[in-house]
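So the chains spell out like this:
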Amino acid sequence: ANDLDRFAGLSGDLKIAGGTAHIPVVKEAAKRIMTLNPNIRITIAGGGSGAGIKQVGEGLIDIGNSGRRPSSKEIGTYGLALHKWAIDGVAVVVNPANAVTALTKDQLGRIFSGEITNWKELGGNDRGINLYTRDESSGTRSVFWKKALNKGDIALSANFVVSNGAMKTAVANDPSAIGYMSAGFVDQRLTPVVLDGVTPDAASIRNGSYKVARGLFSNTRGEASGLSRQFIDFLLSDQGQAIVKEKGFIPVK
Amino acid sequence: MTPPKIKIESLDFYYNNHQILSNINETIPENAITSIIGPSGAGKSTFLSLFNRLWETTPGARVEGRVLARFHHSFMDINTPKFSVTQLRRAVGMVFQMPNPLPMSIFNNVAFPLKLAGIKEKEAVQNRVTAAIKACGLWPEVKDRLEKKATTLSGGQQQRLCMARALVMEPEILLLDEPTSSLDPRSGAMIEELMVDLKQRCTLIMVSHQPDQVEKIADHIIDFTPGPES
Amino acid sequence: MTPPKIKIESLDFYYNNHQILSNINETIPENAITSIIGPSGAGKSTFLSLFNRLWETTPGARVEGRVLARFHHSFMDINTPKFSVTQLRRAVGMVFQMPNPLPMSIFNNVAFPLKLAGIKEKEAVQNRVTAAIKACGLWPEVKDRLEKKATTLSGGQQQRLCMARALVMEPEILLLDEPTSSLDPRSGAMIEELMVDLKQRCTLIMVSHQPDQVEKIADHIIDFTPGPES
Amino acid sequence: MSALVCCLLVLLILGFMIVTGLPLFGQSQAMDLLTGAWSPRNNLYGIAPMILGTLWISLLSVTISFPMSLGCAAYISVLGGHKKATVMKGCVQMMTGIPTIIYGFVGVFLLVPLIRETAGRGSGMCILSASLVLAVLIAPTMILFFIQSFDRVPRSWLDAVDALGGSRVQKLVYVVLPACVKGIVTGTVLSFGRALGDTLVALMIAGNAVQTPNSLLDSARTLTSHIALVSAADFESMEFKSIFLCGAVLYLITAVVILGARLIEKRGNHE
Amino acid sequence: MNRWGEKAVYALSVISCMMLFGSVATLLCYLLIKGLPALNLGLIFGSTPVGDALLLKRQVFDGIFPAMAGTLALILLAITIAVPLGLLAGIYMAEYSGRFTRNVFGFLFDLLSGIPSIVVGLFGFSAILFLHHHVSEALVPSLLVSALSLAFLVLPYIVKTTQMALETVPRQTRVTGLALGATKLQNIVFCLIPESFSTILGGIILAVGRCAEDTAVIMLTGAVASAGLPNSLFKGFEALPFYIYYISSQYADQAELNQGFGACIVLLLICATLFILAAIIQRKVKHTLLYRH
Ligand SMILES: Nc1ncnc2c1ncn2[C@@H]1O[C@H](COP(=O)(O)OP(=O)(O)OP(=O)(O)O)[C@@H](O)[C@H]1O
Ligand SMILES: Nc1ncnc2c1ncn2[C@@H]1O[C@H](COP(=O)(O)OP(=O)(O)OP(=O)(O)O)[C@@H](O)[C@H]1O
Ligand SMILES: [Mg+2]
Ligand SMILES: [Mg+2]
């Protein structure tokens with residue numbers, strides 16, 4: 001049977017917001033659902049993981065996406081129910097022109113703390129290192145910070161970009177750049193860095209050998225019901241998981 | 001001499017603290033042309049603006065004393081608050097030194113005061129506008145282009161248009177501030193004739209710089225040339 | 001009659017596609033006052049602007065035909081590109097209908113043309129300015145307040161100031177557009193006298209509306225009143 | 001009536017900013033916030049780097065834009081011919097309609113790499129790039145304002161210069177500019193306000209680093225982009241509340257700028 | 001000033017013109033080169049058949065049609081709120097206010113016009129959050145909130161241009177109507193407003209342009225990445241500038257990025273259309289205002 005059948009006869013509004021990495025998948029799913037059933041309206045907004053959790057907790061939206069597991073405090077205060085429907089690596093990326101394509105976690109930490117400031121020190125060309133990072137409410141950042149930097153400092157001189165796309169633009173255009181982003185967004189204009197000998201690809205992320213990874217969550221206040229329930233179930237269905245894969249993320253099933 | 005239409009009693013005029021007119025006492029005769037003469041800056045235009053209270057639009061202007069006008073039977077002070085300034089201005093027409101047609105068609109310019117007064121019947125408007133234009137001798141020149149912009153008229157034509165506009169409400173008093181100074185002699189003469197004509201229906205008060213004009217048409221003269229004492 | 005200073009040959013003037021002047025042929029005598037008369041809108045001001053090419057500042061203005069002026073020995077067409085418009089305007093002074101002093105001191109106003117021409121020697125400037133102001137009979141009235149703003153002068157004084165400004169470059173030709181129409185008779189008479197004085201040094205061309213003025217001072221009259229045929 | 005409503009709203013916004021920003025003042029001294037560093041992890045919510053970044057970027061952009069705008073305005077209303085001027089004025093008017101987002105978008109792809117390569121260091125996302133784009137962004141407004149004040153120079157003055165044989169440049173230098181000093185200053189000050197308030201250009205181009213900038217090639221964060229960046233944070237968090245302080249500071253700078261402009265205008269009127 | 005000085009001044013001004021026009025031309029060219037290939041019906045309507053989309057039979061998902069509609073709805077709404085208020089306030093300021101009120105309100109309006117749009121957005125957002133908590137759960141960031149915030153953003157522009165336009169009507173014209181016996185209101189309606197109409201309209205156009213392009217305000221008050229055609233005042237909506245912003249920050253591949261450039265061109269076209277429309281309205285309306293019997 002078609003996984004979309006579950007929406008037959010349903011109608012109403014569904015408001016989704018939060019993590020930016022989720023959007024391509026959620027958008028595609030929404031498109032399929034609304035094409036089949038015009039009585040359902042799904043609005044999708046970004047805003048970042050923090051905003052997603054907060055907004056769903058406050059009841060402003062129905063589903064709040066987050067690119068990190070909500071903290072236990074957040075789960076407690078809002079009574080959140082979590083639904084993880086994809087795994088996403090956070091890849092460290094550099095410009096394809098960069099000779100340095102493999103780093104150790106230690107090197108990475110020293111780069112981001114501003115200790116190493118030239119690619120020369122890492123065996124690359126004689127170029128200064130330009131750091132790119134994300135803003136504090138970003139789920140990608142918090143995962144990267146915890147798992148790749150071991151909660152180390154990020155230098156003050158780091159440039160802030162607002163999203164995965166902006167990160168891609170910045171790093172793809174800047175030969176001395178280093179940044180990090182959702183592995184699902186990496187394309188041929190960027191080089192993913194081999195970290196501690198592990199390449200961030202579907203296989204290594206799925207089997208857990210690439211450590212800097214996270215789940216993509218959809219959170220609801222209280223157990224999901226109605227449209228939200230059906231939507232999350234759809235994401236977890238075969239068709240939903242196929243979308244996940246198509247958009248470059250790792251399905252959970 | 002015709003009976004008085006307006007009486008001015010011990011009138012002072014100030015712009016802020018600057019006194020322009022002091023202790024003026026004058027009488028303006030009805031159905032006659034009163035001409036105001038005097039050097040530039042003597043306060044002639046200001047004096048004229050007393051009769052339709054146009055001075056009120058200038059910030060800082062202030063008047064003391066009384067301006068009595070007889071509109072129906074008895075004299076009334078036109079500066080008392082209960083005297084409606086709108087009514088006053090509809091009964092007192094004014095033609096400025098520089099012709100000032102409004103940016104609309106010739107017809108609408110003349111019809112404008114009627115619109116303001118709320119007169120709407122098409123036919124009445126049509127008739128009164130035509131009559132006013134004819135009275136100013138403008139009819140042959142504009143009858144084919146009533147819909148054209150008034151600003152396309154020549155200076156002399158514009159001046160007569162403004163006159164027609166002032167006349168369309170059939171005012172009892174008509175104020176003219178150097179009405180012919182920007183005109184060529186022929187148009188000027190036309191306006192002079194018109195003024196003499198209007199005497200029968202109106203009281204005219206005119207500021208003029210041209211001594212020959214004053215001599216020719218004025219029935220009464222108010223001279224603002226400062227005496228040797230001031 | 002004095003010899004000709006300017007000759008105008010088969011001249012047409014257009015604003016965009018609207019013809020203002022057509023086929024004008026006139027001669028302006030030297031050291032004389034030529035008066036231009038005619039009804040409003042006939043093109044008098046436009047005609048005047050031909051002599052210093054001021055019409056060029058109006059978008060859409062266009063001239064056909066020739067304006068020949070004799071500055072040194074032979075007549076030259078002042079509209080040819082090789083005739084510098086700056087030089088021309090320094091040799092042809094102009095006084096407008098409304099006095100237009102610049103927003104600077106009385107002295108600087110008169111010295112302004114010298115500044116434009118790049119004349120810098122203090123003494124020369126001082127002398128020429130004083131001479132020009134004296135020539136206009138303004139010296140006694142302003143000698144104590146040369147540093148005051150020119151706009152503080154009365155209308156008649158301003159007009160004479162503009163005249164002094166036009167004279168400071170010792171122009172060979174002086175254009176005047178209704179120079180007395182915005183003035184009271186006394187100031188007007190003063191300007192008229194000045195013009196008659198200037199004849200000895202200048203060729204004057206004046207637009208005037210006042211028949212008595214024309215009669216009194218003009219040596220030559222160009223009439224723009226349209227004939228019955230037009 | 002409606003004027004009243006509007007004014008109440010202004011006061012409301014200001015009041016709102018202050019009320020929501022208050023808890024910050026409780027935690028640490030106000031001075032610390034205004035002069036301190038930003039590091040939410042260490043409970044430091046100082047916005048000094050952002051204030052500096054804002055001032056750098058907006059001042060620099062006005063400095064770049066001012067001569068350019070003055071030149072253009074002079075060309076359009078005095079020096080150039082009438083036909084060209086009409087066309088150019090139309091173009092400038094159209095330019096005010098180019099959405100900010102487009103400047104930002106193109107700036108990222110076009111100007112940022114250029115600056116990086118020319119400078120040979122840094123990421124190209126820096127004060128200089130943002131200021132250059134902002135300078136182009138505010139120029140049309142400034143030009144239109146200048147033209148407006150140039151056009152208010154009485155016709156009779158211009159005629160006087162023309163008739164006395166002054167060239168266009170002389171007309172500009174001796175008459176138009178002196179008469180328009182006031183308008184020029186006011187226009188510049190108001191455009192400064194526009195540069196101050198712009199969010200997207202700085203957000204997309206300036207790099208947003210939270211550091212005290214000390215060269216034009218350094219990345220910097222403005223108050224406005226700080227608001228945009230942090231507004232995604234938890235509503236109850238201190239970070240989020242600190243952006244109200246940013247709002248208040250912006251408000252304050254704007255108010256000072258406008259007061260300045262008005263004072264200049266008043267002065268001019270008295271003369 | 002000598003000849004060289006003059007030449008230098010002239011050259012400088014020509015250079016500044018070339019710099020400005022050059023940079024804007026570069027910007028537009030770049031945009032065209034990047035965006036033109038993406039500019040086709042697919043960009044606007046996605047995979048939905050054009051007819052169906054226009055007749056609202058089917059929703060458009062990967063096109064910018066909903067964003068265009070959202071932007072138009074937003075502009076319309078914001079302008080309907082701001083224009084009457086702004087005109088009235090402007091008329092009040094110019095014609096009825098006393099000196100004191102004029103000074104104080106004038107300053108406040110100046111201040112208002114100087115508030116950065118992101119601050120206005122922040123205020124709108126906080127206000128709606130407050131209302132959501134304390135008034136009704138149904139109140140969330142939405143089209144109406146965005147429109148109100150935008151209206152608030154452009155209001156001072158309209159007030160100021162209206163006020164300025166009325167105040168700069170020459171005294172001559174101002175007095176003409178009065179001398180003919182117009183009441184104050186009649187004078188404003190029949191003489192002053194028609195006379196200053198083009199300036200006022202200019203202010204409104206600027207305001208419309210501002211509404212069309214502003215991103216910072218709507219980003220915080222209700223614009224979302226995907227919502228379909230706007231169908232309710234109380235829901236989120238799509239808007240072109242936000243779409244562009246979103247694309248620039250979330251694009252997955254080059255094709256999507258090019259769509260962003262295409263959307264830029266569409267937005268530019270919309271703005272240009274508004275300008276041209278305004279020019280036409282200016283002529284037409286002025287004509288009917290003044291020359292109709
Ligand atoms: N709005 C004003 N504020 C202050 N002073 C004014 C104002 N209008 C006119 N004045 C002054 O009042 C005096 C009289 O002005 P008015 O216009 O009545 O003179 P006038 O006799 O009509 O002169 P003219 O023949 O030049 O028209 C003048 O000295 C003038 O400077
Ligand atoms: N800039 C312009 N564009 C188009 N037409 C113009 C322009 N200036 C003047 N005209 C027209 O040219 C004609 C001649 O104008 P001009 O100013 O030379 O008349 P004039 O004889 O000086 O009149 P007046 O006595 O009123 O000063 C008029 O019909 C006028 O409408
Ligand atoms: Mg007067
Ligand atoms: Mg003339």
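Now for a look at the structure at hand. Remember, predicted model here, so these are calculated numbers, not experimental data.

## Digging into the overall build of chain E
Piece 1. Broken down by element type, chain E carries twelve helices and zero strands.
Piece 2. In chain E, the order of α-helices and β-strands from amino to carboxyl end is α-α-α-α-α-α-α-α-α-α-α-α.
Piece 3. The principal-axis extent of the C-alpha atoms belonging to chain E is close to 65 × 65 × 40 Å.
Piece 4. Looking at chain E residue by residue over its 293 residues, the buried ones come to 56%.
Piece 5. Carbon and sulfur atoms form 72% of the exposed surface of chain E, whose accessible area is close to 11800 Å².
Piece 6. One finds the centroid of the 17 positive side-chain charges in chain E at a distance of 14 Å from the centroid of its 13 negative side-chain charges.

## A word on the site of ligand 2
Residue and element names in this part refer to chain C.
Piece 1. Taken together, 13 residues form the shell around ligand 2, and within it Ser40, Gly41, Lys44, Ser45 and Thr46 come nearest.
Piece 2. Here an oxygen atom of ligand 2 and a backbone polar atom of alanine 42 are 3.3 Å apart.
Piece 3. At 2.5 Å, a side-chain N or O of serine 45 approaches an oxygen atom of ligand 2.
Piece 4. Per element, the largest residue contribution to the shell around ligand 2 is three residues, and it comes from helix 1 (residues 44-49).

## Observations concerning the interface of chain D and chain C
Piece 1. Residue-level contacts link 15 residues of chain D with 20 residues of chain C.
Piece 2. Regarding the contact of chain D and chain C, the summed buried area is about 1600 Å², with carbon and sulfur atoms giving 68% of it.
Piece 3. On the chain D side of the interface with chain C, the three residues burying the most area are Ala163, Leu164 and Tyr174 of chain D, jointly 38% of the side's total.
Piece 4. Counting across the chain D and chain C interface gives zero salt bridges.
Piece 5. In this structure, the connection of chain D to chain C is made through five residue pairs in polar contact (both at pLDDT 80 or more).
Piece 6. Of all elements in the fold, only helix 7 (155-163) and helix 8 (168-197) of chain D reach the threshold of two or more residues within the side of chain D that touches chain C.
Piece 7. Sorting elements by how many residues they give to the side of chain D that touches chain C places helix 7 of chain D first, with eight residues.
Piece 8. Here the residues of the side of chain D that touches chain C are counted per class, giving seven nonpolar, five polar and three charged.

## A word on the sheet that holds strand 3 (residues 33-37) of chain B
Strands in a sheet are paired, the pairing made by backbone hydrogen bonds, and the direction either parallel or antiparallel.
Residues and elements named next belong to chain B.
Piece 1. Read from one edge to the other, the open sheet built from five strands follows the order 6-7-8-3-9, with strand pairing classed as parallel. The sheet is open, and its two borders are formed by strand 6 (92-95) and strand 9 (220-223), each paired with just one other strand. Direction aside, neighbouring strands of the sheet carry axes that sit 15 degrees apart on average.
Piece 2. As paired strands, strand 7 (residues 173-177) and strand 8 (residues 203-207) are joined by five bridges and run parallel to one another. From the neighbouring strand, aspartate 177 faces strand 8, where its bridge partner is valine 207.
Piece 3. Docked against the sheet, helix 7 (residues 185-198) engages strand 3, strand 7 and strand 8, running at close to 145 degrees with respect to strand 8.

## Focus: the packing of helix 8 (residues 226-236) of chain A against helix 9 (residues 238-246) of chain A
Residues and elements named next belong to chain A.
Piece 1. Remark: helix 8 packs on helix 9, axes separated minimally by 4 Å, with the N-to-C direction vectors making an angle of 65 degrees. Listed contacts from helix 9 to Phe234, Leu235 and Leu236 of helix 8 are Asp238, Gln239, Gly240, Gln241 and Ile243.
Piece 2. Tallied by class, residues from the contact of helix 8 with helix 9 come to four nonpolar, three polar and one charged.

## Quick look at a positive patch on the surface
Piece 1. Taken together, the side chains of Arg69, Lys84, Lys146, Lys147 and Lys151 of chain A define a basic patch exposed on the protein surface.
Piece 2. Note that lysine 146 of chain A resides in helix 5 (residues 139-148).

## Examining unusual backbone geometry
Piece 1. Phi at aspartate 196 of chain A is positive, roughly 50 degrees, even though this residue is not glycine.
Piece 2. On the secondary structure map, aspartate 196 of chain A appears in the loop between strand 10 (194-195) and helix 7 (202-206).
Piece 3. Residue aspartate 196 of chain A is classed as partly exposed on the basis of its relative accessible area of 44%.
Piece 4. You will see that asparagine 31 of chain B, though not glycine, has its phi angle at about 45 degrees, which is positive.
Piece 5. Along the chain, the position of asparagine 31 of chain B falls in the loop between strand 2 (18-29) and strand 3.
Piece 6. Classification of asparagine 31 of chain B as partly exposed rests on a relative accessible area of 32%.

## A few points about the pattern of salt bridges
Piece 1. Overall, the coordinates contain 39 salt bridges over all chains when judged by the stated rule.
Piece 2. Two residues, lysine 216 of chain B and glutamate 192 of chain B, come together in a salt bridge whose shortest N-O distance is 2.7 Å. Taken together, the residues span a long stretch of sequence, with lysine 216 of chain B in helix 8 (residues 211-217) and glutamate 192 of chain B in helix 7 at a distance of 24 residues.
Piece 3. Arginine 62 of chain C is the partner of glutamate 64 of chain C in a salt bridge, and the nearest nitrogen-oxygen pair spans 3.0 Å.
Piece 4. Glutamate 64 of chain C sits in the partly exposed class, given a relative accessible area of 35%.
Piece 5. If you follow the salt bridges from partner to partner, you end up with Lys5, Glu30, Arg70 and Glu172 of chain B in one network.

## Digging into the interface of chain E and chain D
Piece 1. Every contact between the two is made by 66 residues of chain E and, on the other side, 69 residues of chain D.
Piece 2. Contact between chain E and chain D buries roughly 6000 Å² in total, counting both sides, with carbon and sulfur atoms accounting for 83%.
Piece 3. Summed over the shared surface of chain E and chain D, the result is one salt bridge.
Piece 4. Aspartate 110 of chain E serves as the salt-bridge partner of arginine 262 of chain D, at 2.8 Å between the closest nitrogen and oxygen.
Piece 5. Counting across the chain E and chain D interface gives five residue pairs in polar contact (both at pLDDT 80 or more).
Piece 6. Counting residues per element, the side of chain E that touches chain D draws most heavily on helix 1 (residues 3-35) of chain E, at 17 residues.
Piece 7. Residues of the side of chain E that touches chain D, tallied by class, amount to 50 nonpolar, twelve polar and four charged.

## Points about the packing of aromatic side chains
Two aromatic rings are characterised by how far apart their centres lie and by the angle between their planes.
Piece 1. Throughout the structure, instances matching the rule amount to 24 aromatic pairs over all chains.
Piece 2. Aromatic side chains phenylalanine 185 of chain A and phenylalanine 249 of chain A sit 6.5 Å apart centroid to centroid with 70 degrees between the ring planes, which places their arrangement in the edge-to-face category. A residue pair is termed long-range when its members are at least 10 positions apart, and phenylalanine 185 of chain A in the loop between strand 8 (177-182) and strand 9 (191-192) and phenylalanine 249 of chain A in the loop between helix 9 and strand 12 (250-251) qualify at 64 residues.
Piece 3. By relative accessible area, which is 3% here, phenylalanine 185 of chain A ends up buried.
Piece 4. Chaining the aromatic ring pairs together yields one cluster made of Phe105 and Phe109 of chain D together with Tyr30 and Phe261 of chain E.
Piece 5. Here the guanidinium or amino end of arginine 221 of chain D rests over the ring plane of phenylalanine 160 of chain A, the centre of that ring lying 4.3 Å away.
Piece 6. Over the ring of tyrosine 96 of chain E we find lysine 184 of chain E; its NZ or CZ atom is 4.9 Å from the centre of that ring.

## Examining the site of ligand 1
Residue and element names in this part refer to chain B.
Piece 1. Ser40, Gly41, Lys44, Ser45 and Thr46 are the nearest of the 13 residues found near ligand 1.
Piece 2. Here an oxygen atom of ligand 1 and a backbone polar atom of lysine 44 are 2.8 Å apart.
Piece 3. Protein contact buries 61% of the 630 Å² of open area that ligand 1 shows by itself.
Piece 4. By residue number, the principal contributor to the shell around ligand 1 is helix 1 (residues 44-49), which donates three residues.

## Some points on the sheet that holds strand 8 (residues 203-207) of chain C
Residues and elements named next belong to chain C.
Piece 1. Pairing is parallel in the open sheet, where five strands are placed in the order 6-7-8-3-9. Bordering the open sheet on either side are strand 6 (92-95) and strand 9 (220-223), each of which pairs with just one other strand. Direction aside, the axes of adjacent strands within the sheet are offset by 15 degrees on average.
Piece 2. Of the strands in this sheet, strand 6 and strand 7 (173-177) touch helix 6 (residues 155-167), which is tilted by about 170 degrees from strand 6.
Piece 3. Helix 7 (residues 185-198) rests against strand 3 (33-37), strand 7 and strand 8 of the sheet, and its axis sits at about 150 degrees to strand 8.

## Concerning the environment of isoleucine 78 of chain C
Residue and element names in this part refer to chain C.
Piece 1. Within the secondary structure layout, isoleucine 78 lies in the loop between strand 5 (75-77) and helix 2 (85-91).
Piece 2. A relative accessible area of 2% means that isoleucine 78 is categorised as buried.
Piece 3. For isoleucine 78 and leucine 88, which are ten residues apart along the polypeptide, the C-alpha to C-alpha distance reads 7.7 Å.
Piece 4. With residues up to four places along the chain from it excluded, the contact list for isoleucine 78 reads Leu50, Phe51, Arg53, Val67, Ala69, Phe71, Phe83 and Leu88.

## Observations concerning the environment of glutamate 9 of chain C
All names here are of chain C.
Piece 1. Locating glutamate 9 in the fold gives a position in strand 1 (residues 4-15).
Piece 2. A residue is classified by how much of its surface remains accessible, and glutamate 9, at 27% relative accessible area, is partly exposed.
Piece 3. Expressed as a C-alpha distance, the spacing of glutamate 9 and valine 67, which sit 58 residues apart in the sequence, is 6.4 Å.
Piece 4. Excluding its chain neighbours within four sequence positions, the residues that come into contact with glutamate 9 are Ile24, Asn25, Gly65, Arg66 and Leu68.

Rules behind the numbers
- Residues numbered from 1 in each chain as written.
- Chains lettered and ligands numbered in written order.
- Predicted model: local features only at pLDDT ≥ 70, side-chain atom pairs only at ≥ 80, totals over all residues.
- Heavy atoms only, no water.
- Helix = DSSP H or I, 4+ residues; strand = E, 2+ residues; numbered from the N terminus.
- Buried < 20%, exposed > 50% of the residue type's maximum accessible area, 1.4 Å probe, protein only.
- Areas by Shrake-Rupley, 256 points an atom, 1.4 Å probe, with all protein chains shown as cover.
- Lys, Arg positive; Asp, Glu negative; His and termini not counted.
- Charge placed at Lys NZ, Arg CZ, Asp CG, Glu CD.
- Near = heavy atom within 4 Å.
- Polar contact = N/O pair within 3.5 Å; in protein donor to acceptor, adjacent residues only side chain to side chain.
- Contact = heavy atoms within 4.5 Å.
- Buried area = accessible area lost by both parts, 1.4 Å probe.
- Salt bridge = Lys/Arg side-chain N within 4 Å of Asp/Glu carboxyl O.
- Nonpolar A, V, L, I, M, F, W, Y, C, P; charged D, E, K, R; others polar.
- Pairing = 2+ DSSP bridges.
- Axes fitted to C-alpha atoms, helices over the stretch in contact; angles between N-to-C directions.
- Patch = residues over 30% accessible without salt bridge, like charges linked within 9 Å, V, L, I, M, F, W, Y side chains within 5 Å.
- Phe/Tyr/Trp six-rings, centres within 6.5 Å; stacked < 30°, edge-to-face > 60°.
- Lys NZ or Arg CZ within 6 Å of the ring centre and 35° of its normal.

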